[in-house]
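# Summary of structural features
The lines below spell out each chain.
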Amino acid sequence: MIFSRTLLKRHTVLPGFDLALGLTLLYLSLIVLIPLSATFLRTTELSWVEFVEVVTSPRVVASYKLTFGASLLAALLNAFFGLLVAWVLVRYDFFGRRLVDALVDLPFALPTAVAGITLTGLYASNGWIGQYLEPLGLKVAFTPVGVFVAMTFIGLPFVVRTVQPILEDLASELEEASATLGATRWQTFTRVILPILTPALLTGFALAFARALGEYGSIIFIAGNMPMISEITPLLIITKLEQYDYAGATAIAVVMLVMSFVLLLAINGLQAWTRKRQGK
């Protein structure tokens, strides 16, 4: 009963709070806290000088730039087109709508290795799409552009499925009232609809960004994995693990973890600020 009296400020009709809280903390500890703690503890095998040397080597820094840069660009692109796709699926009724809605979830269901092989086949120099792009001077497969394409592919569903329910629940009376007051369609969208969608859009962006940061299977096939050019950070971690350099692998993983956590905190702070402004 100690947890109930300490953490609950008011009584609840639902019993079993102590047991539920205990199981929740146990589950989170086994799945999240203990593995993350083990990562930090394994890194302590390195001295500070060795740690800095590992995580700031030119090859690792180049992988940071590619991984975070491509993830950010892919998440931004998905935020725009994810909103567009969700808008079309919710606001319009057309032939094949259910098929399009199902295709949005394809990156969820498709194994990442299969996705990588498929994208490579499409965008290679002799692929269905690549054979037309390469004469134009745009090479996708085995370049950083291929990394961006793979990250965009696996991140789109997160934005669509986050924004779609908010659009479905959005009352049409708000748009009608805005039109009655003389607002144009663009003004209605930017001043009435978009502020309501912004928290969900930021959530979808954060999910797509985090998913792209940790993606491995679909990227290694299309990236080419050339050091200093198209090598992502997760691949470097796997490489060090294969070399039995566990401390070095965890050192790079810790940097990725800290940077990802800081970025997600910043996005969550922006969401809270947006909701606060809407409340006013």
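So, a few notes on the structure that sits alongside this text. Predicted model only: the values in this text are computed from it and were never measured. (Residues numbered from 1 in each chain as written. Predicted model: local features only at pLDDT ≥ 70, side-chain atom pairs only at ≥ 80, totals over all residues. Heavy atoms only, no water.)

## A few points about the overall build of the protein chain
Counting its secondary structure elements, the protein chain contains 14 helices and zero strands. Secondary structure elements of the protein chain occur, N-terminal to C-terminal, as α-α-α-α-α-α-α-α-α-α-α-α-α-α. With respect to the principal axes defined by its C-alpha atoms, the protein chain has extents near 70 × 65 × 30 Å. The proportion of buried residues among the 280 residues of the protein chain is 36%. By element, 69% of the accessible surface of the protein chain is carried by carbon and sulfur atoms, the whole surface being about 17,000 Å². (Helix = DSSP H or I, 4+ residues; strand = E, 2+ residues; numbered from the N terminus. Buried < 20%, exposed > 50% of the residue type's maximum accessible area, 1.4 Å probe, protein only. Areas by Shrake-Rupley, 256 points an atom, 1.4 Å probe, with all protein chains shown as cover.)

## Quick word on the packing of aromatic side chains
Evaluation of the coordinates by the stated rule reveals seven aromatic pairs. The interplanar angle of 80° and the centroid separation of 5.8 Å between the aromatic rings of Trp-87 and Phe-189 together place this pair among those described as edge-to-face. Separated by 102 residues along the polypeptide, Trp-87 in helix 4 (residues 58-91) and Phe-189 in helix 11 (residues 185-213) bring together distant segments of the chain. Taking relative accessible area as the criterion, Trp-87 reaches 18% and is therefore assigned buried. The cationic tip of Arg-91 hangs over the ring face of Trp-87; the distance from NZ or CZ to the ring centre is 4.5 Å. (Phe/Tyr/Trp six-rings, centres within 6.5 Å; stacked < 30°, edge-to-face > 60°. Lys NZ or Arg CZ within 6 Å of the ring centre and 35° of its normal.)

## Side note on the side chain of Thr-67
Along the polypeptide, Thr-67 turns up in helix 4. With a relative accessible area of 1%, Thr-67 lands in the buried category. Within the structure, the side chain of Thr-67 is placed 3.0 Å from the backbone nitrogen of Thr-233, a separation counted as a polar contact. In this view, Thr-67 contacts Met-151, Leu-213, Ile-232, Thr-233, Pro-234 and Met-256; residues no more than four positions away in its chain are not counted. (Polar contact = N/O pair within 3.5 Å; in protein donor to acceptor, adjacent residues only side chain to side chain. Contact = heavy atoms within 4.5 Å.)

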